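Coordinate inspection notes
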Amino acid sequence: MAAPNAMTDAARHREAVAIAPGVHWIGALDPQLRNFDIILRTEQGTTYNAYLVRGSDGVAVIDTVKAGLADEFFARLESVADYGEIRAIVLDHLEPDHSGALPELLRRAPQATLYISVRARAILNGLLKSVTPRPQPAVVAVKTDDSLSLGDRKLRFIHTPFVHWPDTQCTYLADEAVLFCGDLFGCHLGDGRLFDDRIGEFWPAIDYYYAHIMRPFARHVRDALAEILPLAPRVLAPTHGPILRDRPHRYLERYQALARRPASAPPTLAIFYISAYGNTAQMAEAIAAGASELAGVQVSTHDIEAGETAAFVDLIEGADAVAFGSPTINSDAVKPVWDLLSSLATIDVKGKRAAAFGSYGWSGEAVGLIEERLRGLKMQLPVPGLRIKLIPSDEELAACRDLGRQLAASLVGGHGSARTLDLAEPG
Ligand code: FEO
């Protein structure tokens, strides 16, 4: 955690901090936070960054802060503007850590017009519906290249959805080349020094934040970068962590590297299995053998019990097709399989080919449950799952090879056999 004496005087005294002429940080520090949104550890706390832009024709507030820290936000705002000057409130992202102070801000500046993305409307309704009395602000839904004039300067909007919510957008102040970028390029680092050039090494915080927040949306990050890179911003002003003004291209390049599409040629099939008595392992090997008969597909098998989940997740992110094998124990797939499947929410698996298989003793629910999870992840299941009672026979191993061939064929074209795959007995 940053030592309290590391704060700027302004940050310590709840004053706004200038980041460019007529542009101030008016956010809140939360250095004691140790867990964010349940899923992230925040050993260095965080910040909720909000900004104020002053033009000749009024003031715009960009984002707010978590409700519990609203006092800090309002104190900073009041140090540089009167509420009556606020013409616009821009919300680049409405997750509650950035919209928590909105109801009170609307009460104090009822004349302000809200500028949000088209997809943010429904979220806004959800946030305001229980506020009494319910605020009725004027709302303008904006898209790429729409702009807001503040007289002698202009804010331009850039539609960047799903980084990491449907509503997310960026706002660009061209005359100072400041990009207000929401959670993009952010990190959880509650350091009152505020600027990257005043803080030591924090790449691990940037990478950790990307891995847990942006990684599942890598394709949308690539789309956002395509919009942002041509701007060559001089300052990146995210909603969490340091303001990035020291060679900001470094952060853009880091995101390019992190979001790069994994090389996909030749196509790969990764088979993951766990086996109590070697039967599901036999199935995995037979599936791999069948898939390997198709030229051009690289096949690998992985014993879930013997490896690390994080490494498996990386493999799955890079694979074109995956298969998961589990025995059925107590009417369920086994815990290591669920641990791996639950980790897939952190990567982009939508559209990947997938299949399930497993040996069972008497009921065999595991395969169906795994398939249900794979469908929930929006993966494609081109072949039905394969359940085999106890020890696979030669015919059943041939069915495994068929499954492998068909799964591989779904990647490169060609034909698997028409053999019926479900050899399960009712159980
Ligand atoms: Fe920092 Fe997605 O909220």
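Scroll up for the structure.
As a starting point, this report considers the structure included with it.

Each value, and the rule that gives it
- Residues numbered from 1 in each chain as written.
- Predicted model: local features only at pLDDT ≥ 70, side-chain atom pairs only at ≥ 80, totals over all residues.
- Heavy atoms only, no water.
- Pairing = 2+ DSSP bridges.
- Helix = DSSP H or I, 4+ residues; strand = E, 2+ residues; numbered from the N terminus.
- Axes fitted to C-alpha atoms, helices over the stretch in contact; angles between N-to-C directions.
- Buried < 20%, exposed > 50% of the residue type's maximum accessible area, 1.4 Å probe, protein only.
- Polar contact = N/O pair within 3.5 Å; in protein donor to acceptor, adjacent residues only side chain to side chain.
- Contact = heavy atoms within 4.5 Å.
- Core = buried A, V, L, I, M, F, W, Y, C linked by side-chain atoms within 4.5 Å.
- Salt bridge = Lys/Arg side-chain N within 4 Å of Asp/Glu carboxyl O.

**Brief notes about the sheet that holds strand S14 (residues 169-173)**
Through backbone hydrogen bonds, the strands of a sheet pair up, either in parallel or in antiparallel fashion. Ordered in space as S12-S13-S14-S15-S16, the five strands form an open sheet in which the pairing is mixed. Edge positions in the sheet fall to strand S12 (147-149) and strand S16 (235-237), since each of these pairs with one other strand and no more. Across the sheet, the mean angle separating the axes of adjacent strands is 20° when strand polarity is ignored. Direction of pairing for strand S15 (residues 178-180) relative to S16: parallel, over a ladder of three bridges. In the sheet register, Phe180 faces S16, and the bridge partner there is Ala237.

**Observations regarding the side chain of His98**
Secondary-structure assignment places His98 in helix H3 (residues 96-99). Using a relative accessible area of 0% as the deciding quantity, one classes His98 as buried. Side-chain polar atoms of His98 contact the side chain of Asp183, separated by 3.1 Å. With sequence-adjacent residues up to four places away left out, His98 is seen in contact with Asp63, Thr64, Val65, Leu91, His93, Asp183, Thr239 and His240.

**Thoughts on the sheet that holds strand S1 (residues 17-20)**
Strand order in the open sheet made by the seven strands is S1-S2-S7-S8-S9-S10-S11, with mixed pairing throughout. Across the chains shown, the open sheet's two edge strands, defined by having one partner strand only, are S1 and strand S11 (138-142). When strand polarity is set aside, the average angle formed by the axes of neighbouring strands in this sheet is 25°. Here three bridges tie strand S2 (residues 23-25) to strand S7 (residues 51-55), and the two strands are oriented antiparallel to one another. In the sheet register, Val23 faces S7, and the bridge partner there is Val53.

**Quick word on the pairing of S7**
In terms of burial, S7 is a largely internal element, four of the five residues being buried. Linking S7 back to strand S8 (residues 58-62) in an antiparallel pair, the connection comprises two residues.

**Notes on the nonpolar core**
Phe73, Leu77, Ile86, Leu184, Phe185 and Tyr255 are the most contacted members of the largest nonpolar core, which has 67 residues in total. With seven residues, the top contributor of residues to this core is helix H6 (residues 203-214). Not counting residues within four places of it along the chain, the set of residues in contact with Phe73 comprises Ile26, Gly27, Ala50, Val61, Asp63, Thr64, Val65, Ala101 and Leu105. In terms of nonpolar packing, the next biggest core, distinct from the first, is built from 27 residues, Ala333, Val337, Val367 and Leu374 among them.

**Some points on the pattern of salt bridges**
Per the counting criterion, the structure on display carries 23 salt bridges. One salt bridge connects Arg234 with Glu176, and the closest N-O pair in it is separated by 4.0 Å. Placement of Arg234 in the loop between helix H7 (218-228) and S16 and of Glu176 in the loop between S14 and S15 is noted, with a sequence separation of 58 residues between them. Taking relative accessible area as the criterion, Arg234 reaches 47% and is therefore assigned partly exposed. Across the pair Asp314 and Arg215 runs a salt bridge, and its minimum N-O distance is 2.7 Å.

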